[in-house]
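# Close look at the chain arrangement
For reference, the chains in residue letters:
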Amino acid sequence: MPQNKQIQLDNRPTGEAVASNFKLVVADTPPLQEGQVLVRHHFLSLDPYMRGRMNDAKSYALPQPLGQTMGGGTVGEVVESRNPKFAVGDKVVGMGGWQQYSVVDALQPGALRKVDTTHVPLSAYLGAVGMPGVTAWYGLVKIIEPNQSRTELKVSPASSQAGQTMVVSAATGAVGSAFAALSKARGCRTVGIAGGPDKCKYAVEELGFDACIDYKAHADAASLSKALKDACPNGIDGYFENVGGMVLDAVLPRMNAFGRIAMCGMIAGYDGAPLPLSYPALILTNRLKVQGFIVSEHMEVWPEALAELGTLVATGKLRARESIAQGIEAAPEAFLGLLKGKNFGKQLVKLI
């Protein structure tokens, strides 16, 4: 059995996460038991939610245990199998973690899923056609609900059904990229918020956003909110939140009556500092629906969502960019860069 390089959580961060929170270890891969498969990972997914799990605090997910391999999504290839449902050479997606190999009990439902790479690249199953894509789909389709009638949603008179305005923060990331394609497919004006002129240019020219606002060009929420007013002349009907903090403060005054906000991430607060909300009364006065969600709690929608997302990627309507770090040793620094917005698109680590 091959030796396996792994990245473990060595100690918990105090405030901002740093590289010394992690350690690299080398372990022997254990022999397979009946029903298990050995997967060699090709790509590791790095995602903002992992920062929250580094804290020993109550949350929607259990804290990452110290001295164990960091959890995370992976895609790879079966290199040994003692399970009749998986053959050597099968391409698979699972939660193999920050390591080169994983031994998976494939008898457990959902532990490992075979994927077809004929029209969809293997790495896309960690992004546009994976958890981030389904996250965008659920927030848009099930919470923001752009295709419901005006009567059902009590949409502001300023907005027509086909012309509802959708906004997403972290617009060029894995979730934001998928959100743009899904929103445009439903006939919505789609506006992004991203960091830097290059990301905003990419959002408009390649991802299909109608407009993109560079939050780094604005010193405060009032300035950013004015830019949103210019980009969204009919107000905002649906907002997909990935960031929080100043960005949320800027969006709330632009929300139309009966607007919907899907709360997915609050990356501005992942270091543990509270994120106060400047004008919570706007939720009441505009009768907003604000709903947080965890996509892993809605597995029943994944087949429908993945089918649409796979079609968008295969037909070239969703062309999400990837930032790829090389080698398992690069995972900690790539992850810390992700938390600071240094990535361009989906952040991956290539392991083979």
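Now for a description of the structure that goes with this document. (Residues numbered from 1 in each chain as written. Predicted model: local features only at pLDDT ≥ 70, side-chain atom pairs only at ≥ 80, totals over all residues. Heavy atoms only, no water.)

## Let's talk about helix α9 (residues 302-314)
The test is simple: Under the scheme used here, helices are H or I runs from DSSP no shorter than 4 residues and strands are E runs no shorter than 2 residues, and both carry numbers assigned from the N terminus. A helix is expected to reach a length of 1.5 Å times the quantity of its residues less one. Three labels apply to residues, based on accessible area from a 1.4 Å probe with only protein chains included: buried if under 20% of the type maximum, exposed if over 50%, partly exposed otherwise in between. Starting at the helix axis, one direction is taken to each C-beta atom, and the arc is that of these directions. Residues are treated as being in contact if the distance between any of their heavy atoms lies within 4.5 Å.
Here α9 contains 13 residues, and its C-alpha end-to-end distance of 18 Å stays within 8% of the 18 Å for a straight helix at 1.5 Å per residue. Buried within α9 are the following residues: Trp302, Ala305, Leu306, Leu309, Gly310, Leu312 and Val313. For α9, the arc enclosing every buried residue in end-on projection is 160°, short of the 170-degree limit, so these residues lie on one face. Turned more than 90 degrees off the buried face of α9, the exposed positions are Pro303 and Glu304. Buried positions along α9 lie against β7 (112-114), α2 (131-144) and α4 (174-185).

## Some words on unusual backbone geometry
Residues other than glycine seldom take positive phi values, yet Phe258 does so here, at roughly 65°. Here Phe258 shows up in strand β12 (residues 255-263).

## A short note on the pairing of strand β4 (residues 74-81)
Stated precisely, the cut-off is as follows: The criterion for strand pairing is that DSSP finds at least two bridges linking the strands in question.
Taken together, the seven bridges between strand β3 (residues 36-45) and β4 define a ladder with antiparallel strand orientation. Paired with His41 across the bridge in β4 is Gly76. Direction of pairing for β4 relative to strand β5 (residues 91-94): antiparallel, over a ladder of four bridges. If you follow Gly76 over to β5, its bridge partner there is Val92.

## Section: the packing of α4 against α9
The condition is simple: What counts as an axis is a line fitted to C-alpha atoms, over the stretch in contact for a helix, and the angles between N-to-C directions run from 0 to 180 degrees. Angle categories are assigned with fixed cut-offs, so that under 35 degrees is roughly parallel, over 145 is roughly antiparallel, 65 to 115 is roughly perpendicular, and the rest are oblique. All amino acids are sorted into three groups, where Ala, Val, Leu, Ile, Met, Phe, Trp, Tyr, Cys and Pro are nonpolar, Asp, Glu, Lys and Arg are charged, and the leftover types, Gly among them, are polar.
For the pair α4 and α9, the least separation of the axes is 11 Å and the interaxial angle reads 90°. Between α4 and α9, the angle falls in the class roughly perpendicular. Contacts from Ala178, Ala181 and Leu182 in α4 reach Glu308, Leu309 and Leu312 in α9. In terms of residue class, the contact of α4 with α9 is built from five nonpolar, no polar and one charged.

## Brief notes about the nonpolar core
Looking at soluble globular proteins, one finds that nonpolar side chains tend to be buried together. Applied cut-off: Buried residues of nine kinds, namely Ala, Val, Leu, Ile, Met, Phe, Trp, Tyr and Cys, make up a nonpolar core once their side-chain atoms join them within 4.5 Å.
In this structure, Val129, Phe179, Phe240 and Leu318 are the most contacted members of the largest nonpolar core, which totals 49 residues. For this core, the elements supplying multiple residues, two or more each, are α2, β8 (165-169), α4, α5 (197-205) and α9. Among the elements that make up this core, the one with the highest residue count is α2 (seven residues). Apart from the residues lying within four places of it in its own chain, the contact partners of Phe240 are Thr135, Ala136, Gly139, Ile144, Val167, Val168, Ser169, Val175, Phe179, Ala262, Cys264 and Phe293.

## Quick word on empty space enclosed by the protein
We apply this condition: Of the grid points, spaced at 1 Å and generated over the protein atoms alone, those admitting a 1.4 Å probe that cannot get out make up cavities, while open sets with protein on both sides within 12 Å along at least five of seven lines make up pockets; any residue with an atom within 4 Å of a point is treated as lining. Grid points are joined across faces, edges and corners, and a volume is the space filled by probe spheres set on the points.
On inspection of all chains with the given rule, the structure shows one cavity of 30 Å³ or more. Here the largest cavity is characterised by a volume of approximately 30 Å³. Met50, Arg53, Gln64, Met70 and Gly71 are the residues that line the largest cavity. Its residues assigned to classes, the lining of the largest cavity shows two nonpolar, two polar and one charged.

## A short note on the side chain of His218
Definition in use: Pairing of N or O atoms within 3.5 Å defines a polar contact, subject to two protein rules: one partner must be a possible hydrogen donor and the other a possible acceptor, and residues neighboring in sequence count only if both atoms are side-chain atoms.
Counting through the fold element by element, His218 comes out in the loop between β10 (211-214) and α6 (221-231). By relative accessible area, His218 is classed as buried at 19%. At 2.6 Å, the side chain of His218 and the side chain of Ser223 are in polar contact. Once you skip the residues sitting within four places of it in the chain, His218 turns out to touch Ile213, Ser223, Leu224, Ala227 and Met246.

## As for the sheet that holds strand β9 (residues 189-194)
Judged by pairing direction, the sheet is parallel, and its six strands sit side by side in the order β10-β9-β8-β11-β12-β13 without closing on themselves. In this open sheet, the two edge strands, each paired with only one partner strand, are β10 and β13 (289-292). Strand-to-strand twist of the sheet, defined as the mean angle between neighbouring strand axes without regard to direction, takes the value 15°. Here β8 pairs with β9 via five bridges, running parallel. Residue pairing for β9: Thr165 is matched across the bridge by Arg189. Seen against the sheet, α6 touches β8, β9, β10 and β11 (236-241) and runs at an angle of roughly 170° to β10.

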